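Given next are the chains, with one letter for each unit.
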Amino acid sequence: MLRKWKQMLRSGYFVRLLWTISLSIIAVLVVFAAVIYTSYGTLYLSSLSSRGQTTAAEICDGLEAALRDYSTAVDELAAGRLTKQWLAQSPSEDGGLSLLRQMYGYKNGFTEEAAISVVSIRTGAVLSTGSSSLAPGETDSLNWSVFRQANETDGVAVHLTAKDAVLEDTTRLALAKAVCGADGQKLGYVLLEAPRTTLAALYHMPAAAYPAEMLLLNPYDTVIYSSAGAQAEGLGKLTGGKSAEAAWSGSRSGTLWGDSYAYCRSDALRGLVLVELPKTQITSFRSSLLGALLLGLATAALVSVLVAWRVAQTISRPVHQLRASMEKFRNGELDTRVPVQRSDEMGQLEADFNLMTEQIEQLVEHVQQEQESLRVAEAQALSLQVNPHFIYNVLDLIGWCARLGKNDVVVQVTVNFGKLLRSILNNRDDMVCVRTEMDMVRAYIDIQKLRYADRLQVEMQLDASLEEARIPKLLIQPLVENALVHGLEGKPGVGRIRVSSRREGRYLVFLVEDNGVGLSEERLEHVRQLKSHGMYNIGLSNVQQRAQLYGDERCGLRIESQLGEGTKVWLTVLPQPETEKRKEGDDVPGASGGG
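Summary of the structure given here. (Residues numbered from 1 in each chain as written. Predicted model: local features only at pLDDT ≥ 70, side-chain atom pairs only at ≥ 80, totals over all residues. Heavy atoms only, no water.)

Quick word on the pairing of strand 16 (residues 556-562)
Turning to step 1, where the next piece is worked out: The sheet contact formed by strand 16 and strand 17 (residues 566-573) spans seven bridges and is antiparallel. The partner of S561 across the bridge, within strand 17, is T567.
Turning to step 2, where the next piece is worked out: Linking two consecutive strands that pair antiparallel, namely strand 16 and strand 17, is a turn of three residues; a positive phi of about 85 degrees is found at G564 within it. (Pairing = 2+ DSSP bridges. Helix = DSSP H or I, 4+ residues; strand = E, 2+ residues; numbered from the N terminus.)

Considerations on the pattern of salt bridges
Turning to step 1, where the next piece is worked out: One pass over the structure, following the stated rule, counts 13 salt bridges.
Turning to step 2, where the next piece is worked out: The shortest N-O distance in the salt bridge between D75 and K177 comes to 2.2 Å. Here D75, found in helix 2 (residues 12-79), pairs with K177, found in strand 4 (residues 171-180); they are 102 residues apart in sequence, far enough to count as distant.
Turning to step 3, where the next piece is worked out: The exposure class assigned to K177 is buried, which follows from its relative accessible area of 14%.
Turning to step 4, where the next piece is worked out: As a salt-bridge pair, R558 and E560 come within 3.9 Å of each other at their nearest N and O atoms. (Salt bridge = Lys/Arg side-chain N within 4 Å of Asp/Glu carboxyl O. Buried < 20%, exposed > 50% of the residue type's maximum accessible area, 1.4 Å probe, protein only.)

Here we look at the sheet that holds strand 14 (residues 495-504)
Turning to step 1, where the next piece is worked out: What the five strands build is an open sheet, ordered 12-14-15-17-16; its pairing is mixed. Among the strands making up the open sheet, the edge pair consists of strand 12 (456-461) and strand 16. The average angle at which neighbouring strand axes cross in this sheet is 15 degrees, direction not considered.
Turning to step 2, where the next piece is worked out: Across eight bridges, the pairing between strand 14 and strand 15 (residues 507-514) is antiparallel. Along strand 15, the bridge assignment pairs E504 with Y507.
Turning to step 3, where the next piece is worked out: Its contacts with the sheet put helix 12 (residues 477-488) on strand 12, strand 14, strand 15, strand 16 and strand 17, and the angle it makes with strand 14 is roughly 150 degrees. (Axes fitted to C-alpha atoms, helices over the stretch in contact; angles between N-to-C directions. Contact = heavy atoms within 4.5 Å.)

Written as C-alpha cells, this is what we have:
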C-alpha cells in the first residue's frame, strides 16, 4: 500500500489532478466568501449610512428648534415698545433698564447660550446682555454681514458665520432684524449671537453615541462648525477639492463623497449638517467579517491544501534545491553540486546540472591559469626593460670622468652602478617595498650628483608609514630619471627635483616634480599618450603599463607641465599583498639619503 502511494505521488498526472481538484474547491469557496463579504459589507454600510443620516437629522432638528426660539425672541423684541422707545432716545424713567430686563428674560429662556444686543443707528449706542461684537459709536459695520441681510428682508435675517470680520470670532450663528419707527425710518437693529459653544452643545448629544467628525457648512462650502476643533473653521473651501453642491438640491438627506459622509439640509438655517461615517467601525466590521470568512475558508480548504502541499513537496523541494545551487553557482561558487536522490526527470536534470557545472568549473580554471600565466609573462617582460637613458648616462659619465683623469669618481660610479644593477637583476621578485625602491632612487641620484655636482638638488618628503608597502620595482626611478634628463638637462642654474608620497584610501600616490624647462601644450599632449617610440618614452610607458597591470584603471600616471616652469608627474599604485617569496636582502650601498 505504501509503495502504491509512493508511485502515485511520483506520477505527474496524479499531482496535476490533485492540484486541479484542490484549487477548484478553493476557488468555489473563495467566490462564496467574496459574495458573503460583499453582501454583508454593503448591508452594514447601508445601515451605517442610515444611522448617520438619522444623526444628522437629529442635529438639524435641534438647530432648527433653537433657531425658532431665537427668531421668536428677535421678532418680539424688534416689535416691542421698549425697544423702539430706547432706539428713538425717548425719555424713559429707567434709562433702558426695563428693556435690558426684557432682553435677559428672553436670554434666560433659551435652552442654549446666546447674547442679545440692541444697536442704535443714529447714535451707535449698544445695549447688550453680554459681550457685543460692536463697540459703542461704531456704525460703519451696520452695512455689512448680518445687518446687510436684515436691511434686505422684512423678517429675521439668519447668518451662519465663522471668524466674521464684523462679528465676534466665536460667533457661529447670528440673527438680526431692523427696527423701524412710525415713519418707516430704520432706528436700529436687534442682534442675537450664538457662539461656537452653543453649536457644540447642540451637536453633543447625538455625537456622544456616534464617535465621528461632524460639520456644519454654509451654502459656500465654508466650515462653520467642526467637532474636530476650531482650527478648520472659517477657512474658505473644503480641503481636497470637495464640494457639497449636490446636497443643496433634491432630497433633504443622503450621502456625499463616496458614502464617506451623511448629510441633512436645513433650509431655514441655510446650512448643511454633515456626519462622517466612522471609518474605524467600517474597518473593524470588515476586518471581523473577513477574519471569520478566512477562518471558515481555511477550515474548509484545510484537507485539500494539506494534501496538495504534501504532494507538491516531491517536486518543489528538488526545484528549490536546484535553484539555490544555481544561485550559488552564479555567485561564483563553481564547486556547487546538487545531490541526486531521484531517478525521474528531476533526478536526470540534477545530474545534468552537476555535469554542466563540473565542465564549466574546469573551463574557468583553465582560463584563469592561462590569464595568470599571460599576466605574469607580461609583467616579467615589462620588468626586464631597463631605461636606456639610465645606462647611456652612466656610461657617458664614466667616459667623461675617465677623460678628465678622475679615476676615483670613475671607480665610485662603477661600483655604485654595478651594485645597483645587481640589486635590480638579482631580486627575482617583481615586488619590492617602498623603502627598497627609494634606496634605488637615492643610489641613482648619488651617481648623477657626481656628474651634476651642485647643479642638482633633490628633496624627498616621504611618508614613513608607507615604507613597508609592496609595489612593483623600478616604478619611481624612471620618473626621477625622466625629470633629470628631459627636465633639467639644458637648463642653466640649479635644477631641483622633489619626490613625495602619500596615501589616498587604499592607493599610494607618488609625486615627482622639477623646475626644469617644462613642456609646451602640444608636446604635453603627445607625452600624455604614454606611447613609446623606439627608445623614446619607454620609461613612462613601462611605468604606466606595470602600474595598471598590478592595479586597476585608477592606477597609472598623470602629467602636468608649464613651459619654462617645470613638470609634475603623479604616480598612483595599488599596494600588493605579502607573498611567500624570499624576503628582499639586497640593499643598495652608497645611498646618501637623497638630499
